[in-house]
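Analysis of the macromolecular model
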Amino acid sequence: MNETEQRICGCIDAHAQQLIAFAEDIYSHAELGYTEHRTAGKVADWLQSCGMDVQTGLANTGVKASLGSAAPSVCLIGELDGIRSPEHPLAVPKTGMSHACGHHMQLTALAGAALALSQPEVAAALTGRAVFFAVPCEEHVPMNRLEQLRSSGIATCCGGKPELLLRGAFDDIDAAITTHAHMVPCQSDFLLGCNSTSGFLSKLIHIKGRASHTAIAPENGINALDVVTLARSAIGMLRSTFRDQDCIRIGEIVRMGDCAINVVPHEVTVDLQVRAKTWDALQTVNEQINRAYRGAAYAFGAEISIQDDMGYLPTIPAQPCQALTDAAKLLPATYEPVNPSVHNAASTDVGDLSHRMPIVNFTYGGFSGTLHGADFRITDKEKAYLYPAKLAALTLYHLLCDHAAQAQALLSDFHPAMTAEEYRAYAHKFGCQ
Ligand SMILES: [Zn+2]
């Protein structure tokens with residue numbers, strides 16, 4: 001390690017107890033996406049105490065601060081939101097929100113990196129801008145809540161990063177470092193690089209039949225629930241046409257209004273989410289599902305409306321860049337690069353960001369149980385909180401030291417899959433502004 005690298009790690013070690021206290025405070029006060037006001041306040045206070053000017057309220061709760069003012073500009077992202085998991089022992093009793101996805105670990109990495117890099121001797125070694133960006137709402141918002149957010153002017157997208165992209169909050173950023181608790185099985189302390197993840201589309205299907213007495217006049221009724229049954233049968237048969245490599249997943253929730261057993265069910269709403277490994281496969285299957293529902297409604301003479309909504313784009317996979325690997329080598333931790341043949345069938349709004357800028361991603365251990373599960377536990381505070389802070393700080397330093405040579409190399413190798421205009425046009429199609 002050179003002197004600056006030692007200074008970075010030494011600072012994080014010297015503030016270990018403060019960082020762990022910061023992590024544990026956020027861990028036990030999880031908040032819902034776009035309403036992470038307490039968490040955002042803690043992050044803003046921390047960044048301010050590092051001597052940085054802090055912007056707040058980005059897409060409602062986002063917090064951004066930076067060191068330096070020149071190009072290139074590399075941000076380190078931390079996600080602010082929790083996940084509803086009422087059975088988790090640290091869930092907030094009133095809301096059922098928990099940090100069973102480990103986003104508090106990301107915020108701790110961000111806090112530690114901000115502290116380490118804002119030391120004057122370290123900041124002076126950087127060319128360009130190191131940005132610390134805590135972003136709202138990674139766990140997507142279901143469509144019924146999204147309607148409320150839209151009507152109250154809080155957000156138009158189901159995820160924080162798409163919302164921030166549309167609002168121009170990433171316009172001054174050239175590349176992003178993202179981190180997460182391990183999302184695919186990994187025995188090493190760190191997994192370096194970015195696995196592909198599935199994209200998804202959401203839809204709200206509203207079926208309106210006709211109420212009638214089930215015994216006296218069933219012939220006058222149109223059973224909306226039967227429409228769903230027929231559509232689901234068709235989708236079940238369509239499954240045999242799905243290609244294995246497209247990793248199609250379909251999730252559905254059927255919701256009914258108040259109904260009585262002796263009235264033909266006349267109104268049903270279906271929340272549906274379709275996931276696929278590629279955008280093309282997503283569109284193809286989405287259209288198949290729409291046809292199945294429309295065809296079933298036609299068969300029964302029911303009215304149907306289908307509202308498709310923007311979800312998250314698939315994540316474009318990436319091998320670890322040189323700066324990330326160089327940084328990992330400095331730590332007494334085990335690491336491995338992502339296996340390009342491993343696909344993560346879950347979705348993240350990092351997918352949207354990966355279409356616009358290079359993503360330097362790593363994931364980490366230090367926990368047991370399953371993400372989003374009631375059994376998620378932190379088992380090793382050093383590996384969960386301090387190692388990620390060190391790796392994030394060292395990676396930012398390696399990207400921006402030596403006249404930002406590594407960052408420039410990363411940027412010159414990158415060709416965005418979508419321009420800002422193309423992304424905006426794609427989002428506008430779904431009513432996202
Ligand atoms: Zn997560």
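Just so it is clear, the model here is predicted, and its values are computed rather than measured.

Moving on: the sheet that holds strand β12 (residues 267–276). Sheet strands line up and pair through hydrogen bonds in the backbone, either parallel or antiparallel. Read from one edge to the other, the open sheet built from four strands follows the order β11-β12-β10-β13, with strand pairing classed as antiparallel. Every other strand in the sheet has two partners, leaving β11 (249–256) and β13 (303–312) as the edge strands with one partner each. Between one strand axis and the next, the sheet turns through 15° on average, direction left out of account. As paired elements, β11 and β12 share eight bridges and run antiparallel to each other. When the bridges of β12 are listed, M256 appears paired with V268.

A few words on helix α4 (residues 103–117). Given a rise of 1.5 Å per residue, 15 residues ought to cover 21 Å, and the 21 Å separating the end C-alpha atoms of α4 matches this to within 8%. The element α4 is largely enclosed, with a buried count of 15 among its 15 residues.

Next up on the list: the coordination of the zinc ion. Every protein donor of the zinc ion is listed here as C101 (SG), H103 (NE2) and H180 (NE2), and their distances to the metal cover 2.1 to 2.2 Å. Positions of the donor residues of the zinc ion, expressed as sequence spacing, correspond to C-x1-H-x76-H. Remark: H180 occurs in strand β7 (residues 175–181) and C101 occurs in the loop between β5 (97–98) and α4; sequence separation between them is 79 residues. Given a relative accessible area of 6%, C101 falls into the buried group.

When the domains of the protein are assigned, the result is domain 1 (3–197 + 314–428) and domain 2 (200–312). A straight line from the C-alpha centre of domain 1 to that of domain 2 covers 36 Å. Of the residues lining the interface, 26 residues belong to domain 1; the matching set on domain 2 comes to 18 residues. Counting the surface lost from both domain 1 and domain 2, the interface buries some 1,800 Å², and carbon and sulfur atoms represent 62% of this. When the area that domain 1 buries against domain 2 is broken down by residue, the three leading residues are M143, P314 and Y426, summing to 35%. Linking domain 1 with domain 2 are one salt bridge, by the criterion used here. Two residues, D309 and R150, come together in a salt bridge whose shortest N-O distance is 3.1 Å. Taken together, the links from domain 1 to domain 2 amount to five residue pairs in polar contact (both at pLDDT 80 or more). Within the residue set of the side of domain 1 that touches domain 2, elements represented by two or more residues are α6 (143–151), β9 (196–197) and α13 (420–428). A per-element tally of the side of domain 1 that touches domain 2 places α6 first, with five residues.

Rules used throughout
- Residues numbered from 1 in each chain as written.
- Predicted model: local features only at pLDDT ≥ 70, side-chain atom pairs only at ≥ 80, totals over all residues.
- Heavy atoms only, no water.
- Pairing = 2+ DSSP bridges.
- Helix = DSSP H or I, 4+ residues; strand = E, 2+ residues; numbered from the N terminus.
- Axes fitted to C-alpha atoms, helices over the stretch in contact; angles between N-to-C directions.
- Expected span 1.5 Å × (residues − 1).
- Buried < 20%, exposed > 50% of the residue type's maximum accessible area, 1.4 Å probe, protein only.
- Donors = N, O, S within 2.8 Å, 3.2 Å for Na, K, Ca; no water.
- Domains from an automatic or database assignment.
- Contact = heavy atoms within 4.5 Å.
- Buried area = accessible area lost by both parts, 1.4 Å probe.
- Salt bridge = Lys/Arg side-chain N within 4 Å of Asp/Glu carboxyl O.
- Polar contact = N/O pair within 3.5 Å; in protein donor to acceptor, adjacent residues only side chain to side chain.

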